[in-house]
Amino acid sequence: MKEFFGIGGYTRPAEGFLSWQHLLFAGILLGAMVILAVWLGKHNRLASPEKKNRVLIGTAILIDGLELFKIVMLCYRDGSAEPILRTLPLFLCSIQLIAIPLAAFSTGRVREASLDFVCIFGILGAVLGTVGAAQNYNAYPVLSLDNVASGLTHCISGFASLYILIAGLASMKKGNIGITFGILLGFCVAAYIANVTIPYNYMFLMSGDGTPYDILYNLVGGHKVFYPVSVIALFLVYIGVYYWVFYMLSRKKAKTAI
């Protein structure tokens, strides 16, 4: 258990990014995520709104409980509260720690926008946070607190995203697009301020840090202004494309039904 939690430091070497251990672990997590989301989504598709929401409530409690447990263990391992500064919910994926509970417990347009936000970024975060998390898998063994907790929280977000889609909870109203943009931009501003003051690399706005963001970082030559602006622009473009694809598929489905 000391070795799994990294107490005293890991004695095992990191297997490395895209090693077979990494890909097997990520594949198991993503496979379980898809199977559970499809099963529960189809099972509850015709259920009452209250029954559909029970799954989201459980998901919200699970993801925040797991993250809290991880932070406590990291602080214990470090012997200080310093890890809290590295685990603020200011990564794109960790925004789900707030968005999923809002989707589960709020009402009105806040709930609708939160459901849409989880739906849009959950699957993307699950893939980037498992298959694309080079910074983690190059630093820690695959079966370790750092990678297991990260993989689970990312896949819980992906599960919530797929479940919302399959269970028919996504509204994707055009009137909520501005709120979705606003949520993302607000977190980006907070992340950049944290990056400058801590300093850290929330939202990967300072560098690619070994992730696929390195492609963009190298493309703009690591420019201190163009790089973070480009990252944020990609987020916004992704939101726009997601809404567009959703509307196109919904329109096609409606025509087929007629």
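Above: the structure in question.
Residues numbered from 1 in each chain as written. Predicted model: local features only at pLDDT ≥ 70, side-chain atom pairs only at ≥ 80, totals over all residues. Heavy atoms only, no water.

Asks: Talk me through the overall build of the protein; I want residue IDs and the actual numbers.
Replies: A tally of regular secondary structure across the protein gives eleven helices and zero strands. For the protein, the α and β elements follow one another from N to C terminus as α-α-α-α-α-α-α-α-α-α-α. The C-alpha atoms of the protein give 19 Å as radius of gyration, which agrees with the globular expectation for 258 residues (18 Å, within 12%). Its C-alpha atoms give the protein principal-axis dimensions of about 60 × 40 × 35 Å. Every one of the 258 residues in the protein was classed for burial, and the buried ones make up 43%. Relative to all contacts within the protein whose residues are 6 or more apart in sequence, the contacts with residues 24 or more apart total 73%. Only carbon and sulfur atoms are counted for the fraction: they give 72% of the accessible area of the protein, which is about 13000 Å². Within the protein, one finds 19 positive and 12 negative side-chain charges whose respective centroids are separated by 15 Å. (Helix = DSSP H or I, 4+ residues; strand = E, 2+ residues; numbered from the N terminus. Rg over C-alpha atoms; globule rule 2.2 N^0.38 Å. Buried < 20%, exposed > 50% of the residue type's maximum accessible area, 1.4 Å probe, protein only. Contact = heavy atoms within 4.5 Å. Areas by Shrake-Rupley, 256 points an atom, 1.4 Å probe, with all protein chains shown as cover. Lys, Arg positive; Asp, Glu negative; His and termini not counted. Charge placed at Lys NZ, Arg CZ, Asp CG, Glu CD.)

Asks: Help me get a handle on the nonpolar core, residues and values and all.
Replies: Counting 57 residues, the largest nonpolar core has I164, L184, M203 and F235 as the members making the most contacts within it. For this core, the secondary-structure elements that each account for two or more residues are helix 2 (20-44), helix 3 (49-78), helix 5 (96-105), helix 6 (108-130), helix 8 (145-166), helix 9 (177-197), helix 10 (213-219) and helix 11 (226-257). Contact partners of I164, with chain neighbours within four places excluded, come to L56, L115, V118, C119, L169 and A170. Grouped together as the second largest cluster of nonpolar side chains are five residues, F5, L74, L145 and A149 included. (Core = buried A, V, L, I, M, F, W, Y, C linked by side-chain atoms within 4.5 Å.)

Asks: Break down the environment of I239 for me, with residues and values.
Replies: Examined against the element boundaries, I239 turns out to sit in helix 11. Between the C-alpha atom of I239 and that of L184, which follows or precedes it by 55 residues, the distance is 9.7 Å. If sequence neighbours within four positions are ignored, I239 has contacts with I120, F121, T180, F181 and L184.

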